[in-house]
Amino acid sequence: MTSAVRLQADLVFVSPNRILHPGQFVVRDGRILAVTDQTSERADVTLDNLLLMPGLVNAHTHLEFSDLT
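Below is a summary of the structure that appears in this document. As the structure is a computational prediction, the values presented were derived from the model and not from experiment.

Conventions and cut-offs
- Residues numbered from 1 in each chain as written.
- Predicted model: local features only at pLDDT ≥ 70, side-chain atom pairs only at ≥ 80, totals over all residues.
- Heavy atoms only, no water.
- Helix = DSSP H or I, 4+ residues; strand = E, 2+ residues; numbered from the N terminus.
- Rg over C-alpha atoms; globule rule 2.2 N^0.38 Å.
- Buried < 20%, exposed > 50% of the residue type's maximum accessible area, 1.4 Å probe, protein only.
- Contact = heavy atoms within 4.5 Å.
- Areas by Shrake-Rupley, 256 points an atom, 1.4 Å probe, with all protein chains shown as cover.
- Pairing = 2+ DSSP bridges.

Turning our attention to the overall build of the protein chain. A count of helices and strands for the protein chain gives zero helices and five strands. In sequence order, the protein chain lays out its α and β elements as β-β-β-β-β. Its C-alpha atoms give the protein chain a radius of gyration of 17 Å, clearly above 11 Å, the size a compact globule of 69 residues would have. Along the first, second and third principal axes, the C-alpha set of the protein chain runs to 55 × 30 × 20 Å. When the 69 residues of the protein chain are sorted by exposure, 17% land in the buried category. Sequence separation of 24 or more characterises 43% of the internal contacts of the protein chain that already satisfy a separation of 6 or more. Taken as a whole, the protein chain presents about 5,700 Å² of accessible surface, with 55% of it coming from carbon and sulfur.

The following block contains the structure:
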């Protein structure tokens, strides 16, 4: 297990109702462990002039093709 890395971005888009300015998140082994607006802890990496947001999902479907074999 590797040690956790604390990253800080100018803006962190958590949800439409929650945008952190600035925000920090903690990552270990490729997984986000925490997202917080508390910036009292020193960040290992500072991402200046950056908006961090979750990956967008294209959830559209083509219903006209649903009956094709």
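Attention now moves to unusual backbone geometry. Leaving glycine out, the prevailing phi sign among residues is negative, and the prevailing peptide bond configuration is trans. Cis geometry marks the peptide bond from H21 to P22; its omega dihedral reads -10°. For P22, the position within the fold is in the loop between β2 (18-20) and β3 (23-28). A positive phi angle, close to 55°, is found at D29, a residue other than glycine. Positive phi is not limited to glycine here, since N49 has a value of about 55°. Assignment of secondary structure puts N49 in strand β5 (residues 45-52). Residue N49 is classed as exposed on the basis of its relative accessible area of 75%.

Across five bridges, the pairing between β3 and strand β4 (residues 31-36) is antiparallel. Of the residues in β4, the one forming a bridge with F25 is V35. Taking the residues between adjacent antiparallel strands as the criterion, β3 and β4 are bridged by two residues, where D29 takes a positive phi near 55°.

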